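Inside the fold
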Amino acid sequence: MSPAARLRGLMPDWISDPKVWRTEVLAGLVVALALIPEAISFSIIAGVDPAIGLFASFTMAVVISIVGGRRAMISAATGAVALVIAPLNREHGFGYLVAAVILAGVFQVVLGALGVAKLMRFIPRSVMVGFVNSLAILIFMAQVPEMTDVPWAVYPLIAAGLVLMVFFPKITTVIPAPLVSIVILTAITVAAAIAVPTVGDKGALPSSLPVPGLPDVPFTLDTLTTIAPYAFAMALVGLMESLMTAKLVDGITDTHSNKTRESIGQGVANIVTGFFGGMGGCAMIGQTMINVKVSGARTRLSTFLAGAFLMVLCIVFGPVVSDIPMAALVAVMVMVSFATFDWHSIAPKTLRRLPAGEIAVMVITVACVVATHNLAIGVVVGSITAMVVFAKRVAHRAEVTAVVDPDGKTVVYRVTGELFFASSNDLVGQFDYATDPDKVVIDLSAAHIWDASSVAALDAIETKYARRGKTVEITGLNDPSADLHGKLTGELTGSH
């Protein structure tokens, strides 16, 4: 085999596939166009120059395309991160913001190495559905300001953009419909000189590449204590949004991604972004949906090109990009919000079959996200609600039945179900201490002991019988339950 053939064998299949290349390149271009107004808006939220958000989107996308764990996912400057670090910039200045971004990246690398990504398995499906639906609502709500108090021409332009994106794929899917929509609407507004808000109205685009450097702050313990809380909050919010997005893309593409690598990659990307004077960021769910669901991208190339095209568009084609009507990008994002929403989850047929607790978790997750505009808060509150619902449901599964031997000298209590803090609380009251015979057998062969609360409950039962001169024998413990019971019994009351 020739060296060239061996090299081709080591390369991924998509490198030699022109169709994949076309899809990835065009997807990257669409995402780059959609990133520009978003990055500028997030810069305004953070209280920094628009170029800072654009630089962050460039470095985040390029770096994460190399070190990230989820292919085709887009990371850039985000509103969640902007909200977290805006107070720091407002109170202490831009240098502290950059230092916090670098420290947040370090925190993310450490958390990733410690295995924080494994916590994703504790997020139930109802929370995931609520996350997706609330995300779709937030994407749509973010477009509402662009559709209020604007010239009347904006509305037909948005409608035309939506029509193009619905019907153009029926003609061909070679070129992404959002790109066609943006090009056609821009051409119409420029040719007809229609006065509508444009990308250029959002802020000035950068004219040169970012330059690396150290943050302009005193390197003291006081600086560290000032930025650490903001950096840690940014690290947690960024990781949660990124891991949830990665899980969402896993489901859409039927592929698995390395969440630990993604966590560490997010940290590396934020460290690099900080040294280039960016405002930091995390996975962008809206842009990821454009890339994966709308444009059909599946590789790291689209992510890399999204960042690269972003800078090329700003620096080389700035005047042209500035003329893109916001209506064209609003139409793209409205389409994304409708494509992202899980309509099946709210269908009457689905709701009739779902347990009330699952529906409650989904609704609470959506309500929290929409009320706070923070996806991380919604996920945390939703997950806690799901745990409470689960605990309440399982708590009723512990049942006690008593059988007295014919000789009347022994009673056998058979316990069925899961014994933990919620179910074991009622256990003590289900025994007849006064009238039971002298020998009591508690059969746990159909039960499992999960925590110290259950061991303490069994100890309390034994103590109540002992006060009446009766003996208790516990039987049928499985190995994990026997091990936990053996370690803790008699050790939880403080008296031996």
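Our structure's up above, just so we're on the same page.
These figures come from a predicted structure and were not determined experimentally. (Residues numbered from 1 in each chain as written. Predicted model: local features only at pLDDT ≥ 70, side-chain atom pairs only at ≥ 80, totals over all residues. Heavy atoms only, no water.)

Glancing now at the packing of aromatic side chains. Each aromatic ring pair is specified by the distance between its two centres and by the angle formed by the two planes. Applying the stated rule across the entire model yields 9 aromatic pairs. Centroid distance Phe338 to Trp343: 5.8 Å. Interplanar angle 20°. Geometry classified as stacked. The class of Trp343 is partly exposed, set by a relative accessible area of 45%. On the basis of an interplanar angle of 35° and a centroid distance of 6.3 Å, the ring pair of Phe431 and Tyr433 is categorised as tilted. The same class applies to Phe431 as to Tyr433, namely buried. Feature note: the residues Phe140, Phe338, Phe341 and Trp343 constitute an aromatic cluster, connected by ring pairs. (Phe/Tyr/Trp six-rings, centres within 6.5 Å; stacked < 30°, edge-to-face > 60°. Buried < 20%, exposed > 50% of the residue type's maximum accessible area, 1.4 Å probe, protein only.)

Right, let's get into the environment of Phe275. Along the chain, the position of Phe275 falls in helix H10 (residues 259-275). Taking C-alpha positions, Phe275 is 40 Å from Leu162, a pair spaced 113 residues apart along the chain. Setting aside chain neighbours within four positions, we find Phe275 in contact with Ile102, Val211, Pro212, Gly213 and Leu214. (Helix = DSSP H or I, 4+ residues; strand = E, 2+ residues; numbered from the N terminus. Contact = heavy atoms within 4.5 Å.)

Relative to strand E4 (residues 410-419), strand E3 (residues 399-404) runs antiparallel, the two sharing 6 bridges. In the strand pairing of E4, Val403 is matched with Val412. Where E3 folds back onto E4 in an antiparallel hairpin, the turn is made up of 5 residues, including Gly408, whose phi is positive at roughly 80°. Inspection of the sheet shows E4 paired to strand E5 (residues 439-449) by 9 bridges, in the parallel sense. Across the sheet, residue Tyr413 finds its bridge partner in E5, namely Ile442. (Pairing = 2+ DSSP bridges.)

Nothing here speaks to function; it is geometry throughout.
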